[in-house]
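The chain contents come next:
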Amino acid sequence: MKKLRLLLALVAALAFTACSDEPVADRIAGSYDCAVVVNTRYNSHGTMRDTTYNYEGNGSVSITKVDDNTARVRIASTRIGIDHTFERVSLSDGNYVGNLSTVSGPVTIRGTSYEADFSGSVTYDPRSIALSLRIKNYPNSYGKYIVSFTSHKY
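Residues numbered from 1 in each chain as written. Predicted model: local features only at pLDDT ≥ 70, side-chain atom pairs only at ≥ 80, totals over all residues. Heavy atoms only, no water.

1. Some words on the confidence of the model for the protein
Line of reasoning, step 1. The predicted model of the protein averages 88 in pLDDT, with 86% of residues at 70 or higher.
Line of reasoning, step 2. When pLDDT is averaged over each element of the protein, strand β3 (residues 70–77) comes out on top at 97 and helix α1 (residues 2–20) at the bottom at 46. (pLDDT = per-residue confidence, 0-100. Helix = DSSP H or I, 4+ residues; strand = E, 2+ residues; numbered from the N terminus.)

2. Digging into the pattern of salt bridges
Line of reasoning, step 1. Following the criterion strictly, the structure yields eight salt bridges and no others.
Line of reasoning, step 2. Residue D67 is joined to R88 by a salt bridge in which the shortest nitrogen-to-oxygen separation is 3.8 Å. Of this pair, D67 sits in strand β2 (residues 47–67) while R88 sits in strand β4 (residues 82–93); the two residues are 21 residues apart in sequence, bridging distant segments of the chain.
Line of reasoning, step 3. Take R88: its relative accessible area is 55%, and that puts it in the exposed class.
Line of reasoning, step 4. For the salt bridge of R74 with D83, the shortest nitrogen-to-oxygen distance reads 2.8 Å.
Line of reasoning, step 5. Several salt bridges share partner residues, and in doing so they unite D26, K65 and D68 into one network. (Salt bridge = Lys/Arg side-chain N within 4 Å of Asp/Glu carboxyl O. Buried < 20%, exposed > 50% of the residue type's maximum accessible area, 1.4 Å probe, protein only.)

3. So, the pairing of β2
In the case of a regular strand, side chains alternate between the two sheet surfaces.
Line of reasoning, step 1. Direction of pairing for strand β1 (residues 30–44) relative to β2: antiparallel, over a ladder of 14 bridges. Within the sheet, the bridge partner assigned to S44 lies in β2 and is T47.
Line of reasoning, step 2. Hairpin geometry of β2 and β3 is characterised by an intervening segment of two residues between the two adjacent antiparallel strands. (Pairing = 2+ DSSP bridges.)

4. Some words on the environment of Y53
Line of reasoning, step 1. Its location among the elements puts Y53 in strand β2.
Line of reasoning, step 2. For Y53, a relative accessible area of 40% corresponds to the partly exposed category.
Line of reasoning, step 3. In this structure the C-alpha to C-alpha distance between Y53 and T40, which are 13 residues apart in sequence, comes to 8.4 Å.

5. Things to note about the pairing of strand β8 (residues 145–151)
Line of reasoning, step 1. In terms of residue burial, β8 counts as a mostly covered element, since six of its seven residues are buried.
Line of reasoning, step 2. In terms of strand pairing, β1 meets β8 through seven bridges, oriented antiparallel. Bridge pairing in β8 places A35 opposite T150.
Line of reasoning, step 3. Sheet topology places strand β7 (residues 128–135) next to β8; five bridges connect them, and they run antiparallel. Bridging from a neighbouring strand, R134 pairs with I146 of β8.

6. Section: unusual backbone geometry
Line of reasoning, step 1. Cis rather than trans, the peptide bond between D125 and P126 has omega equal to 5°.
Line of reasoning, step 2. Residue placement: P126 occurs in the loop between β6 (112–123) and β7.

7. Some points on the nonpolar core
Note on soluble globular proteins: their nonpolar side chains tend to be buried together.
Line of reasoning, step 1. Ranked by size, the top nonpolar core spans 35 residues in total, and within it V61, V73, I75 and L133 carry the most contacts.
Line of reasoning, step 2. If sequence neighbours within four positions are ignored, I75 has contacts with S60, V61, I82, D83, H84, F86, F118, L131, L133 and F149. (Core = buried A, V, L, I, M, F, W, Y, C linked by side-chain atoms within 4.5 Å. Contact = heavy atoms within 4.5 Å.)

8. Quick look at the side chain of S151
Line of reasoning, step 1. Structurally, the position occupied by S151 is in strand β8.
Line of reasoning, step 2. A polar atom in the side chain of S151 sits 2.7 Å from the backbone nitrogen of I129.
Line of reasoning, step 3. Setting aside residues up to four positions removed in sequence, S151 forms contacts with D33, R127, S128 and I129. (Polar contact = N/O pair within 3.5 Å; in protein donor to acceptor, adjacent residues only side chain to side chain.)

As structure tokens, then:
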């Protein structure tokens, strides 16, 4: 009986080790329905004010493996007017989360191209996503226009 327990413990340990050796890209690949949140700033009678707009269920994120540590990430929101693919996003393992490194470059929103920074993370279990896109020089935002894609179904 002791040998059987030892064997089962060994099999369990090997299974756990095999699961944790799975590449980050495989662990986070998939499609995600997301809420979209926009944080921006506006001028109200000479006073700068921050505001947040929430669009429940209006976003989608698709992550496709390029190689073990690189992914293609597509973000889309009809409400925001964005449908953009980042072709090569570097990934790193944070033990319980896959981190997407910051990518900078042009992003088109409603037909106009803006410089942007993009980064985020995806937890492994439970599967949850949080990505953000900081748009530089978005009109009338006074330097603050951040679009976030987050899981909204638990």
